[in-house]
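# Observations on the three-dimensional arrangement
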Amino acid sequence: MRIHALSISISASRRNGVNSKKESRPKKNEVHEELMDNLFVIYDPSFLALVWPKIKNGVHLSLDRYCWGELRVLFKDYLDGRAWAYKTADATGRYSASFFSGNKFWLGSKEQCRLLNEAYETRDENETWGEFYSDHQDWHALVERDELMKRVVKADNSPPFTLEYSTLRVELNLTKFSMSYDVTLGVCLPRSCTAEDVVSIINFSIMLNDHLKSNNSLSRSVKCAISRQFESLPPCPRVKYNSCASLTTEYKKKNGYLKSLLLSFSLKHSWMRIFNTNMANKDLSVIHAVKIIATLWVIFINVAVTVSYISGESGDINNNNTMYNILTTGTLAFDTLFFVSGIFSAHHFFYLKGRYSVKQLVACGGPCGQASQVICFITNRIIRLLPPYIYTIFLSTALGRVSEESATLSFLYSDSRNCHKFWWRNLLYISNYYPIEEQCMQISWYLSTEGQLHIIGAFVCFLLTTQKKRWFAFTAVLLLCIPTGFDVFTAFSEAGHRFSDVFMAYDVIIISPWSHVTPYILGVLTGWLVYRIDGLLTVTKVSSSCLWVSSILGALGSCVASGVGAGWLTAWLHLVWPAAWIWPALVCSTKFAYKTRELLNSSLVAGVSRLCYCSLLLHGPVSRYLLLSLDAAICSNCICLWCYFVGILVVTLVAALVISILVEMPTCAFLRRLADLANR
């Protein structure tokens, strides 16, 4: 006990800038007085802040990964002397006096916790620390008019995440022969901490106080009776932590209704959202990098198909030439995109599920609330993706008409005609059910298939959250086995099939919509595993080595099989290729998560990741327009092909940035703020 008193006094003196070489020994009365105080210590944020860097989640206590991360920020800022952390601790109830006279309600300040939460919600989403140094305003002028100091003070008093006030009952046994005392404690903690997390935190704090501070009290425990005090979040399509790219943690600013809506179209705001590095799924940074690579891979394949068709120099596609080998790798490219999409979809679903209750998300509970949550999850994505899709359809129609009027050559499948007649199929995400000669935009089959698989994936995620594990296992087996069996069957039935042109080969080899169910479902299962293991991957070295060997062999075997071109062999790629990426995805998002997070600390990588969707939309019409407008003859050798690809890629990325700034980000922000106003 004396040792503890000395350590606390030393740390306190150092924190105040006082370094004493000699510390006086605590008096006996002081020891008894501190012992009396320790009897009533339930939640001690100052002591938790000291020990938090030395403990591990899953070892010393088990919390949700987001709760753990936000508590780490809270306690670090507490030690650093941040005002918001002190106010958060102050809003939590604690013993004052007259316990044995009936003072059993240690409620703290619900109002202060609410005000802190409002301070987070009213933070300017365009205001970052980088703005102080990158803004074109004169820095000295800001200091002279105290603007900079006001911003610093405001930031110091604003928490970096949402908080929530909760109450719980604590059972205290303080004397040997008396009954236990029930204390109602109010705590202000991150909203990401569930009721079970709050109980674990309080029990852990009690354990530290009982054993490390040696107060020798009898057992004290927490009764799991949590009462959440804040209002529910507004219903779909807007959810607080769900941004336009399902990546960012956003802030909203209180303004007038009209001003708030008009601010959605701020170019500066859209630019900062695209290159914002504050993401909700940074642990999946490697998956973001894989998505970028897969997107570039798909663009290369589609450019190669276009060049091959226009040039007419690529030779017979049936002779397994260079163009045929490029097309066979397209299966791996699109399967990678479907696999990545499944991971992000499942991660987003469980991210929301872990941070909010059903009632908080959709303002109703029970089976109705769960069904509404799934519907909301689906419609939110559809609404978010439609604006740039609609714009690209009209752009593709216009560019197609210009090319038909000015270019010497034309494509067999006209975007100007198909987009004019069948645009509604794209918007309903059903274009993959119609012949390729009637499809508007070359990439539309992927968007339609991925949209439909998103619905299936949401249903699978819902089954994973219920107690009906048998139904989930049955559904998963069907979704994995039936498409694989269908691929193998069609591979034998189409043996010896002759292709009349490169587009027909593209249709047969790559556009096989329901063959991509398998990689998407494997992606969903991977996203669920990332959520379930919660950052802790406990695997023996032998098992880890075996999994790495299996993954490497599966990936290399898939690459070799795609080059061989045997139909019966490539039919298994939809299963083997994504399965080979499951283990690396788990390792990079758990064991090496902190190291790989640095990838998304780059605004360039974060921005390119957000531009992948618009790039997929735009590369088709851009490549067709640019290649048809060339006066010189089109060559299809390897050097020319890469030159065309690089040029089209640069134009596509620039166009994607413009469309994202002018259409995607403003429209998404407008819908979010419109939903905010509708739910006030």
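Since the model is a prediction, treat every value here as computed from it, not as a measurement.

Scanning the protein for helices and strands turns up 28 helices and four strands. For the protein, the proportion of its 680 residues judged to be buried stands at 52%. Carbon and sulfur atoms make up 62% of the accessible area of the protein, which totals about 31,800 Å².

Our next topic: the packing of aromatic side chains. All chains considered together, the criterion is met by 22 aromatic pairs. Look at phenylalanine 265 and phenylalanine 670: their rings are 5.7 Å apart centre to centre, the planes differ by 45 degrees, and that puts the pair in the tilted class. Here phenylalanine 670 lies in helix α28 (residues 638–678) and phenylalanine 265 lies in the loop between α11 (257–262) and α12 (267–274), a separation of 405 residues in the sequence. Plain terms: the ring middles of tryptophan 271 and phenylalanine 275 are 4.8 Å apart, the flat faces sit at 45 degrees to each other, and that makes the pair tilted. Accessibility expressed as a relative area gives 44% for tryptophan 271, which makes it partly exposed. For phenylalanine 275, a relative accessible area of 21% translates into the label partly exposed. Three or more aromatic residues joined by ring pairs form one cluster here, namely Phe334, Phe338, Trp445 and Tyr446.

Here we take up the environment of phenylalanine 161. Mapped onto the elements, phenylalanine 161 comes out in the loop between α9 (147–156) and β2 (163–172). On the accessibility criterion, phenylalanine 161 (5% relative accessible area) is buried.

Right, let's get into the state of the cysteines. Applying the stated criterion to the full structure yields three disulfides. What pairs with cysteine 67 in a disulfide is cysteine 193, and their sulfur atoms sit 2.0 Å apart. Across the S-S bond of cysteine 67 and cysteine 193 the torsion is about 85 degrees, and the bridge reads as right-handed. Of this pair, cysteine 67 sits in helix α4 (residues 65–79) while cysteine 193 sits in the loop between β3 (181–190) and α10 (195–212), placing them 126 residues apart in sequence.

So, about unusual backbone geometry. Positive phi, normally seen in glycine, also occurs at tyrosine 429, with a value near 55 degrees. A relative accessible area of 8% places tyrosine 429 in the buried class. With a phi close to 80 degrees, methionine 441 is a non-glycine residue in the positive phi region. Residue position: methionine 441 is located in the loop between α17 (415–427) and α18 (444–465). Under the relative-accessibility criterion, methionine 441 is labelled buried at 3%.

In this structure, histidine 516 sits in the loop between α20 (502–509) and α21 (517–533). In terms of polar contacts, histidine 516 uses its side chain to reach the backbone carbonyl oxygen of isoleucine 510, at 3.3 Å. Apart from the residues lying within four places of it in its own chain, the contact partners of histidine 516 are Phe334, Asp335, Phe338, Trp445, Leu453, Ile510 and His574.

Attention shifts here to the nonpolar core. Counting residues in each nonpolar core, the largest one holds 100 residues, and the members touching the most others are Leu327, Phe334, Tyr446 and Tyr506. Sort the elements by how many residues they give to this core and helix α14 (residues 322–355) lands first, with 15 residues. Residues within four places of phenylalanine 334 in sequence aside, it is in contact with Val298, Ile443, Trp445, Tyr446, Tyr506, Ile510 and His516. Membership of the second largest hydrophobic core comes to 41 residues, among which are Tyr78, Val170, Val183 and Val198.

What follows deals with the packing of α21 against helix α25 (residues 582–589). Close contact between α21 and α25 brings their axes to 10 Å; oriented N to C, the two are set at 30 degrees. In terms of orientation, α21 and α25 fall into the roughly parallel class. In the packing of α21 onto α25, the handedness of the crossing is right-handed. Along its contact with α21, which presents Leu522, Thr526, Leu529, Val530 and Ile533, the element α25 presents Ile582, Ala585, Leu586 and Ser589. The residue makeup of the contact of α21 with α25, split by class, is seven nonpolar, two polar and no charged.

With that out of the way, let us pick up a nonpolar patch on the surface. Taken together, the side chains of Leu267, Val646, Val650, Val654, Val658 and Leu662 define a hydrophobic patch exposed on the protein surface, amounting to about 530 Å² of accessible area. Among the elements that line the nonpolar patch, the one with the most residues is α28, at five residues. Note on placement: leucine 662 falls in helix α28.

For the rest of this paragraph, the subject is the pairing of β2. Burial analysis of β2 places eight of its ten residues in the buried class, the great majority of the element. By the bridge criterion, ten bridges tie β2 to β3 in an arrangement that is antiparallel. Each bridged residue has a counterpart across the sheet, and for glutamate 171 the counterpart in β3 is aspartate 182.

So, on to the pattern of salt bridges. The tally for this structure, following the rule as stated, stands at nine salt bridges. Of the charged contacts in the structure, one is a salt bridge between aspartate 80 and lysine 76, with a shortest N-O distance of 3.0 Å. Salt-bridge contacts for aspartate 283 lead to arginine 597; the nearest nitrogen and oxygen are separated by 2.7 Å. With aspartate 283 in the loop between α12 and α13 (285–311) and arginine 597 in the loop between α26 (593–596) and α27 (603–628), this pair connects stretches of sequence that are 314 residues apart. For arginine 597, a relative accessible area of 30% gives the class partly exposed.

Right, let's get into the pairing of β3. Counted residue by residue, β3 has nine buried out of ten residues, so it is predominantly covered. As judged from the two bridges shared by strand β1 (residues 105–106) and β3, these two strands associate in the parallel manner. Looking across to β3, one finds that tryptophan 106 is bridged to leucine 185.

Before going further, it helps to examine the confidence of the model for the protein. Averaged over all residues, the pLDDT of the protein equals 76, while 73% of them reach at least 70. Below pLDDT 50 for its whole length, residues 1–25 participates in 20 contacts with residues either more than four positions away or in separate chains. The low-confidence segment residues 228–254 (pLDDT under 50) makes 114 contacts with residues lying over four places distant or belonging to another chain.

With that settled, the discussion passes to the side chain of arginine 624. Within the fold, arginine 624 resides in helix α27. In contact with arginine 624, other than residues within four places in its own chain, are Thr306, Phe411, Tyr413, Asp415, Gln442 and Phe503.

What counts, and where the lines are drawn
Residues numbered from 1 in each chain as written. Predicted model: local features only at pLDDT ≥ 70, side-chain atom pairs only at ≥ 80, totals over all residues. Heavy atoms only, no water. Helix = DSSP H or I, 4+ residues; strand = E, 2+ residues; numbered from the N terminus. Buried < 20%, exposed > 50% of the residue type's maximum accessible area, 1.4 Å probe, protein only. Areas by Shrake-Rupley, 256 points an atom, 1.4 Å probe, with all protein chains shown as cover. Phe/Tyr/Trp six-rings, centres within 6.5 Å; stacked < 30°, edge-to-face > 60°. Disulfide = S-S within 2.5 Å. Polar contact = N/O pair within 3.5 Å; in protein donor to acceptor, adjacent residues only side chain to side chain. Contact = heavy atoms within 4.5 Å. Core = buried A, V, L, I, M, F, W, Y, C linked by side-chain atoms within 4.5 Å. Axes fitted to C-alpha atoms, helices over the stretch in contact; angles between N-to-C directions. Parallel < 35°, antiparallel > 145°, perpendicular 65-115°, else oblique. Left-handed = near helix turned anticlockwise from the far one by under 90°. Nonpolar A, V, L, I, M, F, W, Y, C, P; charged D, E, K, R; others polar. Patch = residues over 30% accessible without salt bridge, like charges linked within 9 Å, V, L, I, M, F, W, Y side chains within 5 Å. Salt bridge = Lys/Arg side-chain N within 4 Å of Asp/Glu carboxyl O. Pairing = 2+ DSSP bridges. pLDDT = per-residue confidence, 0-100.

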